[in-house]
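Examining the three-dimensional arrangement
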Amino acid sequence: AEKNYLTGNYQRALASLQEYLELYPAGKYAFSAEFYIADSYRQMGKYEQACDSYEKVIDGGSGSFVELAILGFSELSYKLERWDDAFGAYSSLYASARFENNRLAALEGMMRSAYRGHKWAEAIKNADRVLFESRISDAVKREAEYVKAKAYMATSRRAEALSAMEKLAADCKDEYGAEAAYILIMDSYDKAEFAAVE
C-alpha cells in the first residue's frame, strides 16, 4: 500500500490502505495509513474526503504525521474557503510546529484566513507578526501591509488606513500599490481636493 502511494498510484493506494485499516484498525501503521489516504485524496482533488482523513490523524496520531496533517487540513480548508477552520488549524500549527518552514506557513495562513474571514483584529495582529518575521519574503510582507490597511478601513480606523495606503502607494507596480493609489485618489476626490486628484 505504501509503495503504491509513494509511486503516485493513488487509486490503488487508497484501495490497499483502506483494506489494511479494515484488517488492522488499531495496527501499528494505522495513522500512517490514514495520512496516506488523506494525501491520496488530496492528490486526486477530493478535498472533502482528504480533510476527513487528516482530522483522524490529528485527533489520534503522533509525531511528524500530525504536524503534516494539520498543515494539509489548514491548506485545504483555506482552499475550500472555510476561513474559520483554516484559521483554527493554522493557529494550532503555529503553536505546535517543530519545523520552521511549517511555522512560517502557519503564520502566513493565519493572516490570510483571518483577513478572508473578516476577523479584522486577528488579521492586523498576524500581519504585524508577518512584518516582524525576518525569514518571510518581501512579497508576503507587502501583502501584510495591504491586509493591515484594508483591515483598518473595515474597522473605521481611517487615519491608520490612509497612512498604510500611502506607504503602499509609494510603489504602484503591483496590485497592492495600484489599489492603494486609487483609494487615496478617491479619498482626495471625496474631499474635493481636485488638484491632488489630478
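For clarity, every value in this text was computed on a predicted model and none was experimentally measured.

Comments concerning a negative patch on the surface
A contiguous patch of negative charge, built from D52, E55, D59 and D85, is present on the exposed surface. For the negative patch, the leading source of residues is helix α4 (residues 47-60), giving three residues. Looking at the element boundaries, D85 is found in helix α6 (residues 83-96). Classification of D85 by relative accessible area gives partly exposed; the value is 39%.

Notes on the environment of K167
For K167, the location among the structural elements is in helix α10 (residues 158-169). The class for K167 is exposed, based on a relative accessible area of 55%. Sequence separation between K167 and A181 is 14 residues, and the spatial gap between their C-alpha atoms is 9.6 Å. Every residue in contact with K167, bar those within four places of it in the chain, is listed here: R142 and E145. Among the polar contacts made by the side chain of K167, one reaches the side chain of E145 at a distance of 2.9 Å.

Parameters at a glance
- Residues numbered from 1 in each chain as written.
- Predicted model: local features only at pLDDT ≥ 70, side-chain atom pairs only at ≥ 80, totals over all residues.
- Heavy atoms only, no water.
- Patch = residues over 30% accessible without salt bridge, like charges linked within 9 Å, V, L, I, M, F, W, Y side chains within 5 Å.
- Areas by Shrake-Rupley, 256 points an atom, 1.4 Å probe, with all protein chains shown as cover.
- Salt bridge = Lys/Arg side-chain N within 4 Å of Asp/Glu carboxyl O.
- Lys, Arg positive; Asp, Glu negative; His and termini not counted.
- Charge placed at Lys NZ, Arg CZ, Asp CG, Glu CD.
- Helix = DSSP H or I, 4+ residues; strand = E, 2+ residues; numbered from the N terminus.
- Buried < 20%, exposed > 50% of the residue type's maximum accessible area, 1.4 Å probe, protein only.
- Contact = heavy atoms within 4.5 Å.
- Polar contact = N/O pair within 3.5 Å; in protein donor to acceptor, adjacent residues only side chain to side chain.

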